[in-house]
Amino acid sequence: KAVVSTQSTGHEFLLETLQNSKSDVTLIAIGPLTNLHAVEKLSPGVLSKAKRIIIMGGCIKEEGNCPKTNLISEYNFGMDGNAAHCVLNASNNVVLFPLDVTNHVQFDMDQILARYCILVGSTLLKKS
């Protein structure tokens, strides 16, 4: 079922979805966590309403890939470290895929989208 949003920004759409969804919401973050951080700042505790937050971010043993931190940090966490810290501490339902994993396991985004999401304009929606 398609969700129609009157909100104009990513974090406003996320906030509206998390607050009003009558079904489980799984968030998949494949970039810096700035919008998720903004949502949590606007409404503390709202990220804990997500069934799961899947994050591609961080690194364990691999060298980082973020020029902002001289390649010490992984890009998604290094570009907005405060956001990463906030989101990782906002929910007990975080699944983390660090750079170490993503350098060795290739995800085909078309397969992921076909299985789990519907694209409406520029908004991805979960298939029901």
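Further up the page is the structure itself.
Here is what the cut-offs are and how they apply
- Residues numbered from 1 in each chain as written.
- Predicted model: local features only at pLDDT ≥ 70, side-chain atom pairs only at ≥ 80, totals over all residues.
- Heavy atoms only, no water.
- Helix = DSSP H or I, 4+ residues; strand = E, 2+ residues; numbered from the N terminus.
- Buried < 20%, exposed > 50% of the residue type's maximum accessible area, 1.4 Å probe, protein only.
- Polar contact = N/O pair within 3.5 Å; in protein donor to acceptor, adjacent residues only side chain to side chain.
- Pairing = 2+ DSSP bridges.
- Axes fitted to C-alpha atoms, helices over the stretch in contact; angles between N-to-C directions.
- Core = buried A, V, L, I, M, F, W, Y, C linked by side-chain atoms within 4.5 Å.
- Contact = heavy atoms within 4.5 Å.

Peer 1: Which parts of the structure should I look at to understand the side chain of Thr17?
Peer 2: For Thr17, the location among the structural elements is in helix 1 (residues 10-20). For Thr17, a relative accessible area of 18% translates into the label buried. Polar side-chain contacts of Thr17 include one of 2.8 Å to the backbone oxygen of Phe13.

Peer 1: Can you help me understand the sheet that holds strand 3 (residues 94-97) in this one?
Peer 2: Sheets are built from strands that pair by backbone hydrogen bonding, the pairs being arranged parallel or antiparallel. Spatially, the three strands line up as an open sheet ordered 1-2-3, and their pairing is parallel. Single-partner strands in this sheet number two, and they are strand 1 (26-29) and strand 3. Averaged over all neighbouring strand pairs, the angle between strand axes comes to 10°, with direction disregarded. The sheet contact formed by strand 2 (residues 52-56) and strand 3 spans four bridges and is parallel. By the bridge assignment, Met56 is partnered in strand 3 with Phe97.

Peer 1: Would you mind going over the nonpolar core with me for this structure?
Peer 2: For soluble globular proteins, the rule of thumb is that nonpolar side chains tend to be buried together. One finds Leu18, Leu27, Leu33, Leu36 and Leu47 to be the most contacted residues of the largest nonpolar core, which totals 19 residues. Elements supplying a minimum of two residues to this core: helix 1, strand 1, helix 2 (34-42), strand 2 and helix 4 (81-90). For this core, the element with the highest residue contribution is helix 4, accounting for four residues. Here Leu36 is in contact with Leu14, Leu27, Ala29, Leu47, Ile53 and Val87, once residues within four sequence places are set aside.

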